[in-house]
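Residue-level listing of the chains:
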Amino acid sequence: MKVSYETDLYARIRQELDAVAMIDCHEHLQREREFPTGDDVHVGLLFLHYAPDDLIAAGMPMEEMARVRPNLLLFPNPEADPSLSPEARWRLLEPWYRKAWNTGYCEALRIAIRDLYGIDEFSESTMTKLTEAMRGEIRPGFTRKVFDKAGIDFAMQSPLGPGLVFNPDYNFDCFICDMCDAFTGFPIPELAQQADMDILCLDDYLKVIDFYFERDARCACAFKVARAYDRTLFWEDVPKNAVENTFNRLLAFNDRPDRRDIQALEDFILHYLCRKCGEYDLRMKFHTGIHGGNGNIITNSRAALMANLFMKYPKTGFDVFHISYPYQEELAVLAKNFPNVTVDFCWMWIINPSAARRALSDMLDAVPANKIHGFGGDYIFVEGTYGHAVIARREIARVLCEKVEEGRFSEAYAVELGRMLLRDNALDNFGLEKRRAAYRPRAGEDPPPAT
Ligand SMILES: [Zn+2]
């Protein structure tokens, strides 16, 4: 059946969007040398994250999900059951997958297995074929192959370890990496050891932060803060002398400051990081809005809690992830008001495709278009990135069509705007061209030959 939005206008705009080599604004993809092999490759890999959140929310017992999932180096899972046959593994997932079939998370997986593995639907009868197809494809080179099929030029990558701050061991061909905020978590011995510096007081700690910025900030693409999972995004402006004692207690043997004192120390450090990012012109990316996994405090993560930072640090750029969903309307106001705030739709097109569409439509009526980053897969496995990219292009094309049909945009402008959302804005706002050139040698690649 032809769906209602597939008009001739949609087909033309979609074709133009499909031709844009996207900058993927956010991923956590596996290193190819970390790919599982042999019997460890199975459908459980596609349930490493996101879709399982919906299956568990639908009622699937956590321990059953743990049996299905793989046990990987970066994602240890002692409850994994390697003895399951492909069919038996699917039989555990199936009742819950059926209940959550409707969500964007599940749709992204179906698109991925259809286009990458030639399988239309997860079922017991397709499981052996799917498993064999995965075993045939998942090997070094797969990431680039999938990026090409998804129309992704390269991705801004947030590595999950092993280095605390910067892991430039992702190939230049597909990636540029974030600096990650390890600093507000105070892994003091590890930070000191990786910097080869002593930390005996708060001033030493700030010097270590300076060291990492001086070493890494020019070749990273952004500075990622993911603290919305375990605290409020309101960062109070605390003077140094109010937290020095807390820091000293952290250093002391057999002492532990109170949680509230530690939070004040985190606040102080985060403000320091805002200053450093401004100094190095390194845009900060904040996780805001919905949390991955099951169960958290959503009001901790609304972007509006950070308005004091946006105001105090006008030279620091703030990229607000996941459109702060479900607080996207607040974010539209923040991005409309503050020159240093940009909107990032990463993860969003699979969280809720129709809410994402409504939000983009709203923002295109209110927020300057150069401040919106249209796509980031935000997956650990690249098949998910693919499914997400297809949904993003479809939904963005629908919104652009709507604006043309309403007479607000010309068709030519809609196409130009699509290119800004998927590519140009990220290149400009994160300064990616010069950062990629600085990242290249850190990733072990030679500079391009002089011409
Ligand atoms: Zn992420």
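Scroll up a little and you will see the structure.
A. The arrangement of helix α9 (residues 202-216) in detail. With 15 residues, α9 should reach 21 Å at 1.5 Å per residue; the first-to-last C-alpha distance of 21 Å fits that figure. Taken residue by residue, α9 has Leu202, Asp204, Tyr205, Leu206, Val208, Ile209, Tyr212, Phe213 and Asp216 as its buried positions. At its buried positions, α9 is contacted by β4 (179-180), α8 (188-195), β5 (223-225), α10 (244-251), α11 (259-279) and α18 (432-442).

B. The sheet that holds strand β1 (residues 22-27), seen in detail. In spatial order, the strands read β1-β2-β3; together these 3 strands make up an open sheet with parallel pairing. Each end of this open sheet is capped by a strand with a single partner; those strands are β1 and β3 (175-177). In this sheet, neighbouring strand axes are inclined to one another by 20° on average, regardless of whether the strands run parallel or antiparallel. In this sheet, strand β2 (residues 152-157) lies alongside β1 in parallel orientation, the contact comprising 4 bridges. Paired with methionine 22 across the two strands is isoleucine 152, which belongs to β2.

C. Examining the packing of aromatic side chains more closely. This model, assessed by the stated rule, comprises 27 aromatic pairs. Taking 6.5 Å as the distance between ring centres and 20° as the angle between the ring planes, the aromatic pair formed by tyrosine 117 and phenylalanine 142 counts as stacked. Remark: phenylalanine 142 occurs in helix α7 (residues 142-150) and tyrosine 117 occurs in helix α5 (residues 104-117); sequence separation between them is 25 residues. When its relative accessible area of 6% is taken as the criterion, tyrosine 117 is described as buried. Overall, the relative accessible area of 4% leaves phenylalanine 142 in the buried class. With centroids separated by 5.1 Å and ring planes inclined at 45°, the aromatic side chains of tyrosine 205 and phenylalanine 247 adopt a geometry described as tilted. Of this pair, tyrosine 205 sits in helix α9 while phenylalanine 247 sits in helix α10, and the two are 42 residues apart along the sequence. Residues tyrosine 205 and phenylalanine 247 agree in their burial class; the two are buried. If you follow arginine 110 out to its NZ or CZ, it ends over the ring of tryptophan 101, 3.7 Å from the centre.

D. Up close: the nonpolar core. Grouped together as the largest cluster of nonpolar side chains are 166 residues, with contacts concentrated most on Phe47, Phe122, Phe183, Tyr205, Phe213 and Phe345. Top element by residues in this core is helix α16 (residues 382-405). It accounts for 12 residues. No fewer than three residues from each of domain 1 (42-137) and domain 2 (142-442) sit in this core. Apart from residues no more than four positions distant in its own chain, phenylalanine 47 is found in contact with Pro52, Leu55, Met65, Arg69, Trp90, Leu93, Leu109 and Phe122.

E. Examining the coordination of the zinc ion more closely. Protein coordination of the zinc ion is provided by His26 (NE2), His28 (NE2) and Asp378 (OD), with donor distances spanning 2.1 to 2.3 Å. For the zinc ion, the donor residues sit on a single chain with the sequence spacing H-x1-H-x349-D. In this pair, histidine 26 sits in strand β1 while aspartate 378 sits in the loop between β9 (372-373) and α16, placing the two residues 352 residues apart along the sequence. A single burial state applies to histidine 26 and to aspartate 378, both of which are buried.

What counts and how
- Residues numbered from 1 in each chain as written.
- Predicted model: local features only at pLDDT ≥ 70, side-chain atom pairs only at ≥ 80, totals over all residues.
- Heavy atoms only, no water.
- Helix = DSSP H or I, 4+ residues; strand = E, 2+ residues; numbered from the N terminus.
- Expected span 1.5 Å × (residues − 1).
- Buried < 20%, exposed > 50% of the residue type's maximum accessible area, 1.4 Å probe, protein only.
- Contact = heavy atoms within 4.5 Å.
- Pairing = 2+ DSSP bridges.
- Axes fitted to C-alpha atoms, helices over the stretch in contact; angles between N-to-C directions.
- Phe/Tyr/Trp six-rings, centres within 6.5 Å; stacked < 30°, edge-to-face > 60°.
- Lys NZ or Arg CZ within 6 Å of the ring centre and 35° of its normal.
- Core = buried A, V, L, I, M, F, W, Y, C linked by side-chain atoms within 4.5 Å.
- Domains from an automatic or database assignment.
- Donors = N, O, S within 2.8 Å, 3.2 Å for Na, K, Ca; no water.

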